[in-house]
Amino acid sequence: MAPAALRVDTLITNAYIVLDVATEGPEAQQEALESGREIDGGWIALDAGRVHSAGAGSVQPPAAERVIDAGGRLVTPGLVNTHHHMYQNLTRAFAPAINGSLFQWLTTLYPRWSALDEESTYLSTYVACAELLLSGCTTSSDHMYVHPKPNLIDAQIKATTEIGFRFMANRGSMTRSVEDGGLPPKEVVQDEETILTDSERLISTFHDATPGAMTRVALAPCSMFSVSESIMRKTAELAEKHDVRLHTHLAEDKDEDTYALEVYGRRPVEYFEDVGWATPRSWVAHYVYGNEEENRRLAAAGVTSTQCPSSNMILAGDTADAQALRAMGMSVGLGCDGSASSDSANLWMETRGAMLLARYRNGPSAMSARGALSMATRGSAANLGWADEIGHLRPGACADLVIWESAPLSQAGALTDPVEGWLRSGPASGWCVMVAGKSLVDSGQLQLDALDDVLPRHARAAAQMQGIA
C-alpha cells in the first residue's frame with residue numbers, strides 16, 4: 001500500500017490490465033492472473049512519465065491528480081512499430097503501382113518519391129504518427145532511406161517532437177542507382193561521404209541514449225540491391241563507434257536471392273554476415289527467405305527481425321514463419337511497413353494479421369492473441385533495443401499504454417478472455433493512448449491541435465507528388 005501522503009500524476013481504475021505478456025497457449029490467461037502479470041478489475045498508477053505501481057481492486061491505490069475510470073476496458077502496453085516508411089503515405093494506393101511485384105512497385109514509385117522535401121516529409125510523418133496513435137502505437141521507428149534533399153530526418157523529428165511521440169529515426173541510405181545496377185534513380189541516392197557525415201550529425205544532434213528518451217537514431221542502409229558493400233561495412237563500424245542500432249531489409253523477396261548471387265556471389269544472409277551485420281545491434285525487416293541454417297545462425301548472433309503481415313500479403317510474397325524464428329530464440333516484432341504497400345498504418349491490424357498468418361501457416365494452435373500481442377510489445381521493443389523501458393508496464397517502465405475501445409457489437413458475447421476478445425473480435429482502437437504519461441488520444445479523439453492544419457497541406461503535397469492537378 002502506498003504512503004498516504006503520496007500523490008501520483010494519473011490513476012487508471014476499473015480495468016483489465018496486461019502488465020506484461022510472457023506466456024502463450026490455452027493456460028496463459030490463468031497463469032498470467034495468478035502471477036500478477038494480468039490484473040482483472042485492477043488499477044495502474046503513473047507518475048513523472050513512468051509506471052509507478054499497479055494492483056488489484058482490493059488493494060488501496062495511491063491518490064492521484066487525475067483519475068481515469070477505464071469502465072472495464074482492456075489496458076495493455078503501447079504497441080511498438082519497428083518498420084515503417086512514413087513518407088509513403090503521400091502515394092497511398094497509387095493506382096499505377098497497386099498490382100506490381102515488389103521490384104515493379106519500387107521502380108514505379110521511386111521517381112515520385114524524388115519530389116520529397118522537408119515540408120512533405122514533415123507532413124507525412126505527422127499523419128503517420130497520428131494514424132499509428134489511433135491504433136494503439138506509442139513508439140515507432142521509421143526507415144527513411146530516400147534523400148533527394150537534405151535534412152529530411154530533421155523534419156521527421158520536428159513532427160514527432162511536436163506530437164510528443166516516442167520515435168527512433170532510421171537514417172536510411174542508398175548509393176546504387178539504376179546507373180550502377182541498382183533500382184532507384186540517381187536523384188534519390190547519395191555518395192558515401194554525404195551519408196556517413198550526415199549519420200554522425202544526426203546521432204550527435206538527436207540521439208538520446210538516456211533512460212526515458214523520446215528520440216533515438218539508428219543507421220539503416222536500405223537493402224543490398226540499393227547500397228554498396230562498402231557503405232554496409234562503414235555503417236556497421238559507425239554504429240559500433242556510437243553504440244546505436246542497425247536496420248535494413250533482408251531476404252524479403254526471391255529476386256533478392258538471384259541478385260545477391262549474381263552481384264556478390266553469396267546468398268543474402270551470407271552477405272549480411274560478411275559485412276559485419278550479424279550482431280545483437282541489428283534488426284532486419286521482413287526476413288522471409290532465409291533457410292533454416294541461416295535462421296539459426298542469425299538467431300544465435302542476436303539479430304532480431306520484424307514481420308510486416310499486411311505488406312507481405314498485399315505484395316503477394318511469402319511471409320516469415322514467426323513462430324519458427326521465435327522457437328530458435330530470435331525476437332520477432334511487428335511493423336506496418338510503408339503506407340504505399342500496406343496502405344494503412346494500423347498496428348492493431350498488423351497484430352491481428354500476425355496471429356492469422358501464424359494460424360493459417362501452422363494450424364489453429366500456432367499463435368494466440370497473447371502471442372501476437374507479445375510480438376507487438378516485447379518482440380518489437382527488443383527490435384529497437386528498448387526492452388528495458390517499453391513493451392511492458394512493470395513498475396519503472398515508460399508510461400506508454402493503451403486503454404482499448406471496441407465497437408459494442410463486436411464484443412457481444414466475448415466474456416471469457418479480454419485479450420482474445422480484443423484481437424479476435426475487433427476492430428479495436430485506442431480509447432485513451434498515453435505516451436510518457438501524456439494522453440495523445442482521449443475518449444477516442446486525437447489530442448493534436450495542428451492536425452486540422454496538417455491534413456489539407458498533406459493533401460496538396462500528395463496530389464503534387466502523384467501528378468494530380
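About the cut-offs
- Residues numbered from 1 in each chain as written.
- Predicted model: local features only at pLDDT ≥ 70, side-chain atom pairs only at ≥ 80, totals over all residues.
- Heavy atoms only, no water.
- Helix = DSSP H or I, 4+ residues; strand = E, 2+ residues; numbered from the N terminus.
- Buried < 20%, exposed > 50% of the residue type's maximum accessible area, 1.4 Å probe, protein only.
- Contact = heavy atoms within 4.5 Å.
- Axes fitted to C-alpha atoms, helices over the stretch in contact; angles between N-to-C directions.
- Parallel < 35°, antiparallel > 145°, perpendicular 65-115°, else oblique.
- Left-handed = near helix turned anticlockwise from the far one by under 90°.
- Nonpolar A, V, L, I, M, F, W, Y, C, P; charged D, E, K, R; others polar.
- Salt bridge = Lys/Arg side-chain N within 4 Å of Asp/Glu carboxyl O.
- Core = buried A, V, L, I, M, F, W, Y, C linked by side-chain atoms within 4.5 Å.

K.L.:
Could you give me a rundown of the side chain of T160, with the residues and numbers involved?
P.N.:
Looking at the secondary structure, you find T160 in helix 4 (residues 152-163). T160 sits in the buried class, given a relative accessible area of 1%. Not counting the four nearest positions on each side in its chain, T160 is found in contact with T125, C129, F165 and F167.

K.L.:
An account of unusual backbone geometry is requested, with residue identities and associated values reported.
P.N.:
Residues apart from glycine generally show negative phi values, whereas peptide bonds are mostly found in trans. Residues G426 and P427 are joined by a peptide bond in cis, for which omega reads 10°. Looking at the element boundaries, P427 is found in the loop between helix 15 (418-424) and strand 15 (428-435). Located in the positive-phi region is A436, a residue other than glycine, with phi close to 55°. Structurally, A436 is set in the loop between strand 15 and strand 16 (438-442).

K.L.:
Please set out the packing of helix 3 (residues 118-134) against helix 4 residue by residue, giving values where relevant.
P.N.:
Any two packed helices are characterised by how steeply their axes cross, that is the angle between the axes, and by the distance between the axes. Helix 4 packs onto helix 3 with a crossing angle of 40° between their chain directions and a minimal axis gap of 8 Å. By the criterion of interaxial angle, the relationship of helix 3 to helix 4 is oblique. As for how helix 3 packs across helix 4, the hand of that crossing is right-handed. Taken together, the residues of helix 4 that come into contact with helix 3 (itself represented by E118, T121, Y122, T125, Y126, C129 and L133) are L152, A155, Q156, K158, A159, T160, E162 and I163. Class assignment for the residues of the contact of helix 3 with helix 4 results in 8 nonpolar, 4 polar and 3 charged.

K.L.:
Give me the lowdown on the pattern of salt bridges, citing residues and values where you can.
P.N.:
For the structure on display, the rule yields 35 salt bridges. Residues E24 and R326 are paired through a salt bridge, measuring 2.8 Å at the closest nitrogen-oxygen approach. Here E24 is found in the loop between strand 1 (7-18) and helix 1 (28-35), whereas its partner R326 is found in helix 11 (residues 322-327), with 302 residues between them in sequence. The salt bridge involving K158 is made with E162; its shortest N-O contact spans 2.8 Å. Note that K158 and E162 are positioned in helix 4 at a spacing of 4 residues, about one turn of the helix.

K.L.:
Before we move on, could you go through the side chain of S124 and cite the residues and values that matter?
P.N.:
With respect to the helices, strands and loops of the structure, S124 is situated in helix 3. Judged by its relative accessible area of 0%, S124 falls in the buried class. When near neighbours in sequence (up to four residues on either side) are disregarded, S124 contacts M86, Y87, N89, L90 and H458.

K.L.:
Which residues make up the nonpolar core, and what values go with them?
P.N.:
Residues W105, L106, W113, Y145, V146 and W422 are the most contacted members of the largest nonpolar core, which totals 115 residues. In terms of residues, this core owes the most to one element, helix 3, which gives 9 residues. Excluding residues that lie within four positions of it along the chain, W105 makes contacts with Q88, A97, W113, L315, A340 and S341. By size, the runner-up hydrophobic cluster in this structure holds 19 residues, among which are I12, A15, W431 and C432.

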